[in-house]
Amino acid sequence: MSSRSQTIADTLTRAIIDHRLVPGCKLGERELSEIFNVSRIVVRQALIRLADDGLAQIERNRGAFVAKPSMQEAMEIYDALTLVEQGVAAQLSDRLGPAGWAELRHHVERQRQAVAGGNDALADVLGQEFHTVFVRLSRNKVMQEIHAQLVRRTTLLRSLITADFDYCNLLDDHSRVVDLLEKGRLKQAMDLIDTHHRAVVRGYIMDREVFPEMTPAEALAPYLDGAAVPVAPRKPAKTSGNGDSATHVHVHLPKIDRAPTSRASTKKTNRGLPS
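Residues numbered from 1 in each chain as written. Predicted model: local features only at pLDDT ≥ 70, side-chain atom pairs only at ≥ 80, totals over all residues. Heavy atoms only, no water.

Let's shift gears to the nonpolar core. Of all hydrophobic cores here, the largest spans 32 residues; its most connected members are Leu104, Phe134 and Leu181. Taken together, the elements giving at least two residues each to this core come down to α4 (71-95), α5 (98-116), α6 (120-136), α7 (141-154), α8 (167-182) and α9 (186-202). Considering every element that reaches this core, the biggest residue donor is α4, with 8 residues. One finds Ala9, Val43, Leu55 and Ala56 within the second-largest nonpolar core, a separate group that totals 27 residues. (Core = buried A, V, L, I, M, F, W, Y, C linked by side-chain atoms within 4.5 Å. Buried < 20%, exposed > 50% of the residue type's maximum accessible area, 1.4 Å probe, protein only. Helix = DSSP H or I, 4+ residues; strand = E, 2+ residues; numbered from the N terminus.)

Right, dumping it as structure tokens:
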């Protein structure tokens, strides 16, 4: 892949993360080539990269679309994350030294302070980073690459999912995993990693969707101009039978440069899922 194709793939990924390109959105080669002022071959390479990461679907005679993950796919993604992190846990229980345990505990404490201060946005970011730090400490490059790809695939889920879960309990799982591993209780730590991810998936409700009013050109404009990314305007959500509108949830996402905001409640929220 050329460097230009990689840049386009990164920009499209960012737009998906920011809810500006949502599941089912058409990614036309001609339109994207005009937006980025490149050839369709360059765009096609970027779309293939997105498809490899599970962020796009390329259909014969129809073109490329932002992927629309199913509940089954969500379960499979989190099962895969569980297996990777359980493998990392086995490595860390034998190899991690005092500095590594201190780094994990410091991260957990920062997360706890964010929750106590009602700053859900910062808690979300720190929750996402905990898993990245956890896997990085294994010093296994292949594990890190696999984990990063799975995390990218979770970016789509938040465009289709609302959630009902105990936010504080999920955050506490991070502290408990560190405690168990440091005490050599590997089996309990691995079971908790599995329980943690299953609790996230159980909170998912995938029966409502929200679509943006923007064209791809409008959605991508802020990234091309280097401007701050605004909140995407949206049409009213499709409603369920009782008339409730859909809300969105942030799940294990790569860190993005967005200023955290405060929320009053940390017990139950549809603002975001801790990782």
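Turning next to the packing of aromatic side chains. Using the criterion set out here, one finds 1 aromatic pair in the structure. Relative to phenylalanine 134, the ring of phenylalanine 130 lies with its centre 6.1 Å away and its plane at 20°, an arrangement referred to as stacked. Residue phenylalanine 130 and its partner phenylalanine 134 are both found in helix α6; the two are separated by 4 residues, about one turn of the helix. Each member of the pair, phenylalanine 130 together with phenylalanine 134, is buried. (Phe/Tyr/Trp six-rings, centres within 6.5 Å; stacked < 30°, edge-to-face > 60°.)

A positive phi angle is found at asparagine 61, which is not glycine, with a value near 65°. Inspection of the secondary structure assignment puts asparagine 61 in the loop between β2 (56-59) and β3 (63-66).

Running from N to C, α6 and α7 point in directions that differ by 160°, and their axes come no closer than 9 Å. The angle between α6 and α7 falls in the class roughly antiparallel. As α6 packs across α7, the resulting crossing turns out to be right-handed. Residues His131, Thr132, Val135 and Arg136 of α6 touch α7, and the partners they reach there are Met143, Gln144 and His147. Across the contact of α6 with α7, the residue classes tally to 2 nonpolar, 4 polar and 1 charged. (Axes fitted to C-alpha atoms, helices over the stretch in contact; angles between N-to-C directions. Parallel < 35°, antiparallel > 145°, perpendicular 65-115°, else oblique. Left-handed = near helix turned anticlockwise from the far one by under 90°. Contact = heavy atoms within 4.5 Å. Nonpolar A, V, L, I, M, F, W, Y, C, P; charged D, E, K, R; others polar.)

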